[in-house]
Every structure is written in C-alpha cells, then in structure tokens.
Amino acid sequence: DDAPSMYYVLSGRVRLMALDACGNEKTLWYLGRGCCFNETIMFGTSSMYSHSSARRIKFYHECTKNCYLHIFSQRDVEELGTKNPELLLNLCQSYAKKVGLLAESLVSLSLESPLTRVCKYMASRIVPGSSPLRARRDISYRDMADLLGMHRTSIHKVMRQWQAEGVWDFERNSSEVIILQPDVFFEEASMCQ
C-alpha cells in the first residue's frame, strides 16, 4: 500500500492492517462493498511515497471473500476531482469520518474496561430484527483482540464470564452470540436500546 493509489471495494471484504518495525501485525479495520481506502493520496504528492521505507509502520491490506477492487491512481483522483468536485468533497467527508472514528476509538481504548470494549463491539454486530437478540461473532478472537487493543485471552475471559452470569450465551464454534439480558448488555455498552 506504499504506492500512491486509492482503492474502492466493488465486492467482498478487505482487512486493513499495520505492521511495525518489529514485525507485529495489527488489524485496523474491516471494509465491505462500497468503501474506499488509502485516500491519503489526495493530500500528498508522489514524492511522499518514495520515503515510505523510512516509516516505522507499514500499512497494507488483505482481500478476503472473493474481493474485487477498483484502483485509482493519484492522477485519476485529481482528474475526477476536477471534473466532479462533489465527488472530491464526498471523499474528504468520508476520510474525515474515518479520522474521527479512529480518534474516538483511541480514547475509548485508553478509558474503557475490557468488558465495555467487548460489549460495544458486539453491539455493533447485532443482527437486525433478531429474536431473541443475536450478535454476529464472525471474526476470530485474535482479530477481535487486534481491533479492541486487547489480548485474545482477555476477550475469551470476558466472553466466558458473562456467559456464566447469564447475560449472553454462545456455542464454542458458533458465529453468533445470543443476548439473554439486553438491558444489562446495552447498559455496559453505554448505549440506549
């Protein structure tokens, strides 16, 4: 992802990742159809990419689930922005929203308990209209740990603790969690039902 290109996800799913100088990998985000990423080409020049090897963190992506991407060069983006300024404005708004979400995530990681972090993540994965209320658990504990800034053992412990307390239930290999006490769950996630 060092090349000055912007990507648009036509179908499938993309995992955005970072790799530090020590080789530690961190999952940053998952994107689906209709999302774009690597918008930073709008704000820099191609010369900024020639110094990318000096960066301590390398960003890259991995395509999953029959992923198809459209790749825009920096020139493509500039031409589209000149011909259709509303597209460029929309792209800037999308990028600003991602930066805001990242800032919010950093604050929550430093202030919230492991239980609250797990509940907020599970709340974002609620299956609409499900009865009883269910949440998808469609990524591994390792990937969830990367997203939440936790160790996977801590996530497993939180999941089992609330299962034992009867707040939710799940089978070991199931991709869904059944929320048995929605009021308690949403209160911990700091959300209104």
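Residues numbered from 1 in each chain as written. Predicted model: local features only at pLDDT ≥ 70, side-chain atom pairs only at ≥ 80, totals over all residues. Heavy atoms only, no water.

*Asks:* Hey, could you go over the layout of surface pockets for me, with residue numbers and the actual values?
*Replies:* In this structure, the second largest pocket spans a volume of roughly 260 Å³. Within the residue set of the lining of the second largest pocket, elements represented by two or more residues are strand E1 (5–20), helix H2 (74–83) and helix H3 (85–111). Sort the elements by how many residues they give to the lining of the second largest pocket and H3 lands first, with 5 residues. Residue composition of the lining of the second largest pocket, grouped by class: 9 nonpolar, 4 polar and no charged. (1 Å grid on protein atoms, 1.4 Å probe; cavity = no way out; pocket = protein on both sides within 12 Å on 5 of 7 lines; lining within 4 Å. Points joined across faces, edges and corners; volume = space filled by probe spheres on them. Helix = DSSP H or I, 4+ residues; strand = E, 2+ residues; numbered from the N terminus. Nonpolar A, V, L, I, M, F, W, Y, C, P; charged D, E, K, R; others polar.)

*Asks:* Account for the sheet that holds strand E7 (residues 176–179), with residues named and values stated.
*Replies:* Taken in spatial order, the 3 strands line up as E5-E7-E6 in an open sheet, and their pairing is antiparallel. Edge positions in the sheet fall to strand E5 (134–136) and strand E6 (168–169), since each has one partner strand and no second. In the sheet, E5 pairs with E7 via 3 bridges, with the strands oriented antiparallel. Paired with Arg136 across the strands is Glu176, a residue of E7. (Pairing = 2+ DSSP bridges.)

*Asks:* I'd love a proper account of the pattern of salt bridges, names of residues and values included.
*Replies:* This structure, assessed with the given rule, holds 5 salt bridges. In this structure, the salt-bridge partner of Asp143 is Arg15, at a minimum N-O distance of 3.2 Å. You can see Asp143 sitting in helix H5 (residues 141–148) and its partner Arg15 sitting in strand E1, a full 128 residues away along the chain. You can call Asp143 buried: its relative accessible area is 14%. Residue Asp138 pairs with Arg125 through a salt bridge whose shortest N-O separation is 2.5 Å. Taken together, the residues span a long stretch of sequence, with Asp138 in the loop between E5 and H5 and Arg125 in the loop between helix H4 (114–123) and E5 at a distance of 13 residues. Residue Arg125 is classed as buried on the basis of its relative accessible area, which comes to 18%. Residues joined in a network through salt bridges with shared partners are Arg15, Glu62 and Asp143. (Salt bridge = Lys/Arg side-chain N within 4 Å of Asp/Glu carboxyl O. Buried < 20%, exposed > 50% of the residue type's maximum accessible area, 1.4 Å probe, protein only.)

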